[in-house]
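Listed below are the residues making up each chain.
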Amino acid sequence: MSDEINLELKKPLDRMTAKELRQLAMDKIPQITGASGMDKESLVAAIKEVLGITDEEGSAKKAYQEQISSLKKKIKELQAKKLELPQEEKSARQALRKKIHSLKKRTRRLSAH
């Protein structure tokens, strides 16, 4: 009996959402345990490892991933700061909201590369 898994994917793993990846891992790849608690990057890495897929353009993608990770950390810091501000300071909260929005936009652009 072979452990070979043959999946026909509608789109590349990197383009799938975390929800789609979790469902794929739980339904069709029993070797991956704990998929419901993994983030997207971990799921993609685990699925590629099980399927034996190697990254051809890994170094270029890693640079973007590092930038995205640092931007997401900054977003979380700003969100925490925004929650600490009192409701009366609307202009400061609004400024933080705009900064968070622009950072999120940058992460989406970087992930499209």
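Below: a short report on this structure.

So, about the overall build of the protein chain. A tally of regular secondary structure across the protein chain gives four helices and zero strands. Tracing the protein chain from N to C terminus, the helices and strands come up as α-α-α-α. Per-residue burial for the protein chain yields a buried fraction of 22% across its 113 residues. Looking at the protein chain alone, contacts between residues at least 24 apart form 46% of all its contacts between residues at least 6 apart. Put simply, the protein chain shows about 8800 Å² of open surface, and 50% of that area lies on carbon and sulfur atoms.

Here the focus is the environment of H101. Looking at where H101 falls in the secondary structure, it is placed in helix 4 (residues 90–111). Judged by relative accessible area, H101 falls into the partly exposed class, the value being 43%. Taking the C-alpha atoms as reference points, H101 and I75, separated by 26 residues in sequence, lie 8.8 Å from one another.

According to the stated counting rule, one finds one salt bridge in the structure shown. For D14, the salt bridge goes to K48, with nearest N and O atoms at 3.6 Å. Of this pair, D14 sits in the segment before helix 1 (18–28) while K48 is found in helix 2 (residues 40–51), placing the two residues 34 residues apart along the sequence. Looking at K48, the relative accessible area reads 13%, which means it is buried.

Taken N-terminus to C-terminus, the directions of helix 1 and helix 2 make an angle of 40°; their axes are 9 Å apart at the nearest point. Relative to helix 2, the crossing made by helix 1 is left-handed. Mapping the contact onto sequence places A18, L21, R22, L24 and A25 in helix 1 and K40, L43, V44 and I47 in helix 2. Each residue belonging to the contact of helix 1 with helix 2 can be placed in one class, and the counts come to seven nonpolar, no polar and two charged.

In this model, helix 2 (12 residues) spans 16 Å end to end at C-alpha, consistent with the 16 Å of a helix rising 1.5 Å per residue. Along helix 2, the residues that are buried comprise L43, V44, A46, I47 and K48. Check the buried side of helix 2 and you find it contacts helix 1.

Rules behind the numbers
Residues numbered from 1 in each chain as written. Predicted model: local features only at pLDDT ≥ 70, side-chain atom pairs only at ≥ 80, totals over all residues. Heavy atoms only, no water. Helix = DSSP H or I, 4+ residues; strand = E, 2+ residues; numbered from the N terminus. Buried < 20%, exposed > 50% of the residue type's maximum accessible area, 1.4 Å probe, protein only. Contact = heavy atoms within 4.5 Å. Areas by Shrake-Rupley, 256 points an atom, 1.4 Å probe, with all protein chains shown as cover. Salt bridge = Lys/Arg side-chain N within 4 Å of Asp/Glu carboxyl O. Axes fitted to C-alpha atoms, helices over the stretch in contact; angles between N-to-C directions. Left-handed = near helix turned anticlockwise from the far one by under 90°. Nonpolar A, V, L, I, M, F, W, Y, C, P; charged D, E, K, R; others polar. Expected span 1.5 Å × (residues − 1).

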